[in-house]
Amino acid sequence: MWTQDFDLHSHSTHSDGIHEVEEVAQKMMDSNVKYWALTDHDTISGWDEARESAKSRGIHFIPGVEITCSPGLDADEKELKRMEREGASKSWHLLAYFPHHKDSNKGIERFEKWLKPLQESRLPRMVKMLEKLEKLGMPISLEKVLEKAGGSIGRPHLAEVMVEEGYVESKNEAFEVWIGDGMPGHYVQPKPSIEEATKIVHSVGGFVSLAHPLYYGVNPEKLVQYCHSKGVDSIEAFHGSHPDSYRFELWKLADKNGMSITCGSDFHGSNHGHRPGYAVVPFNGLNADLGSSSN
Ligand SMILES: [Zn+2]
Ligand SMILES: [Zn+2]
């Protein structure tokens, strides 16, 4: 059986999305999504609002977070070429879900505590990047970047200010030339490993799914096996950016390794050319815990 009721990957102004939580909920509803997870980067600050917004619209809310982790494996040229990728991202993103905590955050305090420094480290990291940009002849005030960020501060906010200051013509250019992974204005903050993040999420009853494998440039077989060996539960096979053949490939590999899959649009806002929902997935392949959010 196939379903399009789930969108398990979305962002709001609590991280780098452009819409408030309430608007994201509305857009999910407009796309006929029945199970929605808000997965802002390294923060759970949007959950309470999302619970209310989902409830008033008759949508099942699944609390989620997208945790920034260090890469588990190196990218390889062959795979990058096969998938026509220019490079691999310098961090791996792990989606954590807490379907048993749809009504309150009670019982996941340990996870919240662990997450906090990751969230807070975004500010010192931004300061480091601003120092680098200043040395490169592009002074930018932290206040201006903070004004752009509703919650979790990130590079997209910085890119916006760089456009406003006239240092670059577009946000894309900011990333491609200055602040993208490995560029002169980029600063890498120490991150947790996939294994560490998985353990803490499991310890409070959640499950994890490796987000958008396409971005890592690793052979899918190697990648899925690696995740399996580190205790990762699911693979986000059905990500908005994945071609159908790649979704299928990952789904089969996950199944072979006894792992489930998840799906998500990775919706950041209507202006990104993304739309929420419309992910057709095999219902039986989905993580079984997701069903617990419906009772
Ligand atoms: Zn991501
Ligand atoms: Zn995301």
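Residues numbered from 1 in each chain as written. Chains lettered and ligands numbered in written order. Predicted model: local features only at pLDDT ≥ 70, side-chain atom pairs only at ≥ 80, totals over all residues.

A.B. asks: Where do I start with the overall build of the chain in this structure?
C.D. replies: A tally of regular secondary structure across the chain gives 11 helices and 9 strands. The C-alpha radius of gyration of the chain comes to 18 Å, within 12% of the 19 Å expected for a compact globule of 295 residues. Its C-alpha atoms give the chain principal-axis dimensions of roughly 55 × 45 × 35 Å. A total of 295 residues make up the chain; the buried ones form 47% of that total. Partitioning the contacts of the chain with sequence separation of at least 6, the portion at a separation of at least 24 is 75%. (Helix = DSSP H or I, 4+ residues; strand = E, 2+ residues; numbered from the N terminus. Rg over C-alpha atoms; globule rule 2.2 N^0.38 Å. Buried ≥ 20, exposed ≤ 12 C-beta atoms within 10 Å, placed from the backbone. Contact = placed C-beta atoms within 7 Å.)

A.B. asks: Just checking my understanding: could you explain unusual backbone geometry for this structure?
C.D. replies: Comment: phi is negative for the bulk of residues other than glycine, and the bulk of peptide bonds are trans. You will see that Asn32, though not glycine, has its phi angle at about 65°, which is positive. Tracing the backbone shows Asn32 in the loop between helix H1 (21-30) and strand E3 (35-38).

A.B. asks: Can you walk me through the environment of Asp74 in this structure?
C.D. replies: Examined against the element boundaries, Asp74 turns out to sit in the loop between strand E4 (60-69) and helix H3 (77-82). Separated by 16 residues in sequence, Asp74 and Lys90 have C-alpha atoms that sit 9.4 Å apart.

A.B. asks: Explain the pairing of strand E8 (residues 260-264) to me, please; I cannot follow it from the model alone.
C.D. replies: Sheet faces and side chains relate simply in a regular strand, where the side chains alternate between the two faces. Buried residues dominate E8, accounting for 5 of its 5 residues. Of the two faces of E8, both are covered, the one formed by Ser260, Thr262 and Gly264 as well as the one formed by Ile261 and Cys263. Judged from the 4 bridges that link them, strand E7 (residues 234-239) and E8 form a sheet pairing that is parallel. Residue pairing for E8: Ser234 is matched across the bridge by Ser260. This β-α-β element, E7 to helix H11 (residues 244-256) to E8, shows right-handed connectivity. (Pairing = 2+ DSSP bridges. Right-handed = clockwise from strand over helix to strand, strands pointing away.)

A.B. asks: Is there a simple way to think about the nonpolar core in this case?
C.D. replies: If you look at soluble globular proteins, the nonpolar side chains tend to sit buried side by side. If you look at the biggest cluster of nonpolar residues, it comprises 60 residues, and the most contacted ones within it are Trp36, Leu94, Ile235 and Ala254. One finds Leu130, Leu133, Ala159 and Ile179 within the second-largest nonpolar core, a separate group that totals 16 residues. (Core = buried A, V, L, I, M, F, W, Y, C linked by C-beta atoms within 7 Å.)

A.B. asks: Can you help me understand the domain arrangement of the chain in this one?
C.D. replies: How large an interface is tends to be reported as the accessible area lost when its parts come together. Looking at the assigned domains, one finds that the chain contains domain 1 (2-104 + 198-294) and domain 2 (122-179). With centres defined by C-alpha atoms, the gap from domain 1 to domain 2 works out at 27 Å. With 9 residues of domain 1 in contact, the opposing surface of domain 2 contributes 6 residues. Of the residues assigned to the side of domain 1 that touches domain 2, the class counts are no nonpolar, 6 polar and 3 charged. (Domains from an automatic or database assignment. Nonpolar A, V, L, I, M, F, W, Y, C, P; charged D, E, K, R; others polar.)

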